[in-house]
Amino acid sequence: MKGKDITAKLWFNIRLRVRAEYSEHESALRGRVSSDKQHPLERQFELFSRASMLLRARDLGSIVCDIKFSELANLDAFWADYLSGALLEALKGVFITDSLKRAAGQEGVRLLNRVGPWVIEKEQAILRLKVNRQRFGFTPGRTGHRLLTEQ
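Residues numbered from 1 in each chain as written. Predicted model: local features only at pLDDT ≥ 70, side-chain atom pairs only at ≥ 80, totals over all residues. Heavy atoms only, no water.

Q: Help me understand the overall build of the protein, please; the structure alone is not making it clear to me.
A: Helix and strand counts for the protein stand at seven helices and three strands. The N-to-C order of helical and strand elements in the protein reads α-β-α-α-β-α-α-α-β-α. Evaluated residue by residue, the protein yields a buried proportion of 29% over its 151 residues. By sequence separation, contacts in the protein at least 24 residues apart represent 77% of the contacts at least 6 residues apart. Total accessible area on the protein stands at roughly 10700 Å², and carbon and sulfur atoms take up 54% of it. (Helix = DSSP H or I, 4+ residues; strand = E, 2+ residues; numbered from the N terminus. Buried < 20%, exposed > 50% of the residue type's maximum accessible area, 1.4 Å probe, protein only. Contact = heavy atoms within 4.5 Å. Areas by Shrake-Rupley, 256 points an atom, 1.4 Å probe, with all protein chains shown as cover.)

Here it is, written out as structure tokens:
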């Protein structure tokens, strides 16, 4: 019981980026990206530059969500949904709206979500370390007992 009370007092953040993009870019690039340069390196650079500009112009945008967790069980559930794809499916219903579909026209829209796995692993490890420190009264001194950087 004491461990649950301690866990409830600890918070950590996860940053989730949700991005909408066109499902297919190849036809847009094929019809609009060309170069008249003769030198292969110059030609490749110009093609890359024009393709980059076109793709930036087609950007449908992204949203960054900062999520705070106070319990390890909630973080574990979030991470399991992220890995299984259930989170992405739930986000599709929220972010791919009728107005976004109309704006995209005939082209399909897909949704991407991204959280670096190292973020979750680090946050889980920090939370477990804090809980164990408080549970067992361990307070590291200045002599190198610090296992992770706490932020």
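Alright, that's what it looks like, and here's the rest.
Q: How do you make sense of the pairing of strand 3 (residues 109-114) when you look at a structure like this?
A: Alternating positions in strand 3 separate cleanly, Val109, Leu111 and Asn113 being buried on one face and Arg110, Leu112 and Arg114 remaining unburied on the opposite face. Note that strand 1 (residues 12-22) and strand 3 share six bridges and pair antiparallel. Residue pairing in the sheet places glutamate 21 in a bridge with arginine 110 of strand 3. (Pairing = 2+ DSSP bridges.)

Q: Would you take a moment to explain the packing of aromatic side chains for this structure?
A: Each aromatic ring pair is specified by the distance between its two centres and by the angle formed by the two planes. All chains considered together, the criterion is met by two aromatic pairs. The interplanar angle of 55 degrees and the centroid separation of 5.4 Å between the aromatic rings of phenylalanine 69 and phenylalanine 78 together place this pair among those described as tilted. Assessed through its relative accessible area of 8%, phenylalanine 69 is described here as buried. On the accessibility criterion, phenylalanine 78 (10% relative accessible area) is buried. Taking the centre distance of 4.9 Å and the plane angle of 15 degrees together, the rings of tryptophan 79 and tyrosine 82 count as stacked. Residue tryptophan 79 and its partner tyrosine 82 are both found in helix 4 (residues 72-84); the two are separated by three residues, about one turn of the helix. Using a relative accessible area of 17% as the deciding quantity, one classes tyrosine 82 as buried. (Phe/Tyr/Trp six-rings, centres within 6.5 Å; stacked < 30°, edge-to-face > 60°.)

Q: Can you walk me through the sheet that holds strand 3 in this structure?
A: Two orientations exist for strands paired in a sheet by backbone hydrogen bonds: parallel and antiparallel. One open sheet accounts for three strands, arranged 2-1-3; its pairing is antiparallel. In this open sheet, the two edge strands, each paired with only one partner strand, are strand 2 (62-69) and strand 3. Adjacent strand axes in the sheet meet at a mean angle of 20 degrees, parallel and antiparallel pairs treated alike. Relative to strand 2, strand 1 is paired through eight bridges, and the arrangement is antiparallel. Along strand 2, the bridge assignment pairs valine 18 with isoleucine 63. (Axes fitted to C-alpha atoms, helices over the stretch in contact; angles between N-to-C directions.)

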